[in-house]
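Now for the letters of each chain:
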Amino acid sequence: MQASVKIMDIDVDMMSNDVFIRKMNEYLTDDHLDVIMFASTKMLNKAMEDEEYRALLEKADLFLPGEKALLATHHVDALEAGDMVVNYRSLGMMLENLIKEDRTLYIIADTEEAVKKLQHYCKKMQPELRMVGSYSCEQGMEDAAIVNEINSHTPDMILLNLPVGVQEGWIMEHSSLLNARLCIAIGGVAELIFAMQKETPEWVRKLHLENLYHRIFREQAVKKDFRTRIFRKKITKYNNQNEIHDYTKDDSR
């Protein structure tokens with residue numbers, strides 16, 4: 001039985017990184033497409049307001065935490081210390097530990113720049129991974145043409161980075177048509193992956209602006225922590241409302 005936690009009544013899967021890596025390698029031996037989603041606060045906020053979108057999330061084979069903020073009320077530091085999947089970094093661990101069997105990857109993203117960043121990230125994490133193709137929404141192809149393009153390459157994996165809402169709808173609509181074994185949807189957390197890779201640009205070093213550059217990133221980290229506190233308050237408020245509702249219901253009997 002697979003472990004999970006409920007976050008605002010949405011099941012988020014919980015497992016160790018070792019189990020996650022093993023599952024991914026197992027999925028890559030399947031003869032059908034498994035869909036993995038890395039959850040974000042934005043995705044859960046949308047799911048609370050949109051039942052149809054929530055139903056799409058529930059169709060994923062795995063719905064894993066992509067941000068620590070999601071686990072703010074679940075002792076996230078202890079989970080991380082126990083080597084559990086708590087955020088997007090587990091994607092990199094999985095890529096590093098792919099069983100070397102000439103694995104291939106196709107990337108779909110909203111922009112060409114995002115495609116290039118993801119190619120760089122994946123090759124950095126797993127140099128033996130073969131990039132067999134990519135598509136960015138800037139190309140403006142019809143869905144049927146995109147599916148045919150992907151299937152012509154028969155990739156082992158599809159890495160999907162589209163806007164929240166568009167991403168989940170697209171993969172669930174086309175999953176049965178795609179000739180691949182694993183789709184990993186990271187649209188809610190891709191920007192965090194890009195930020196993790198960011199190095200000090202050469203022009204910043206030449207102008208001796210490193211202190212300013214890194215101060216800006218520290219300010220972004222503070223904003224991220226602020227968003228985490230807001231989400232934690234939202235979870236607490238939701239749980240308190242449910243407790244009051246349950247108490248009122250029991251009291252009326």
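Preceding this section is the structure that the text describes.
Residues numbered from 1 in each chain as written. Predicted model: local features only at pLDDT ≥ 70, side-chain atom pairs only at ≥ 80, totals over all residues. Heavy atoms only, no water.

Draft legend 1. Expanded view of helix H1 (residues 17-27). What H1 keeps buried is the set Asn17, Phe20, Ile21, Met24, Asn25 and Tyr27. The arc that holds the buried residues of H1, viewed along the axis, is 160°, so those residues lie on one side. At its buried positions, H1 is contacted by strand S3 (34-39), strand S4 (62-65), helix H5 (89-96) and strand S8 (182-185). (Buried < 20%, exposed > 50% of the residue type's maximum accessible area, 1.4 Å probe, protein only. Helix = DSSP H or I, 4+ residues; strand = E, 2+ residues; numbered from the N terminus. Arc of directions from axis to C-beta. Contact = heavy atoms within 4.5 Å.)

Draft legend 2. Region of interest: the sheet that holds strand S6 (residues 130-136). Here six strands make up an open sheet; going across it, the order is S4-S3-S8-S7-S5-S6 and the pairing parallel. Pairing within the sheet leaves two strands with one partner each, and these edge strands are S4 and S6. Neighbour to neighbour, the strand axes of the sheet diverge by 20° on average, direction disregarded. With four bridges connecting them, S3 and S8 associate as parallel partners. Directly across from Met37, in S8, lies its bridge partner Ala185. (Pairing = 2+ DSSP bridges. Axes fitted to C-alpha atoms, helices over the stretch in contact; angles between N-to-C directions.)

Draft legend 3. Layout of the packing of aromatic side chains. What the rule picks out here adds up to one aromatic pair. Measuring from centroid to centroid gives 6.0 Å for Phe20 and Phe38, while their planes differ by 85°, and the two rings are edge-to-face. Linking Phe20 in helix H1 with Phe38 in strand S3, this pair joins segments that are 18 residues apart in sequence. Neither Phe20 nor Phe38 differs from the other in exposure class; each is buried. A cation over an aromatic ring shows up here: Lys46 above the ring of Tyr53, its NZ or CZ 5.3 Å from the ring centre. The ring of Phe194 has Lys117 lying over it, and the distance from NZ or CZ to the ring centre is 5.1 Å. (Phe/Tyr/Trp six-rings, centres within 6.5 Å; stacked < 30°, edge-to-face > 60°. Lys NZ or Arg CZ within 6 Å of the ring centre and 35° of its normal.)

Draft legend 4. How the structure looks around the packing of helix H3 (residues 51-58) against helix H8 (residues 166-174). As a packed pair, H3 and H8 sit with axes 10 Å apart at the nearest point and diverge in direction by 55°. Taken together, the axes of H3 and H8 are oblique relative to one another. Seen from above, H3 lies across H8 with left-handed handedness. Counted together, Tyr53, Leu56 and Leu57 of H3 and Glu168, Gly169 and Met172 of H8 form the full contact between these two elements. Among the residues forming the contact of H3 with H8, the class breakdown is four nonpolar, one polar and one charged. (Parallel < 35°, antiparallel > 145°, perpendicular 65-115°, else oblique. Left-handed = near helix turned anticlockwise from the far one by under 90°. Nonpolar A, V, L, I, M, F, W, Y, C, P; charged D, E, K, R; others polar.)

Draft legend 5. Structural view of the nonpolar core. If you look at the biggest cluster of nonpolar residues, it comprises 39 residues, and the most contacted ones within it are Met37, Phe63, Ile108, Trp170 and Ile171. Residue contacts for Met37: discarding those within four places in its chain leaves Met43, Leu56, Leu57, Ala60, Leu62, Phe63, Leu64, Glu168, Ile171, Met172 and Ala185. Judged by nonpolar contacts, the second largest core, of 36 residues, contains Leu28, Ile36, Tyr121 and Ile184. (Core = buried A, V, L, I, M, F, W, Y, C linked by side-chain atoms within 4.5 Å.)

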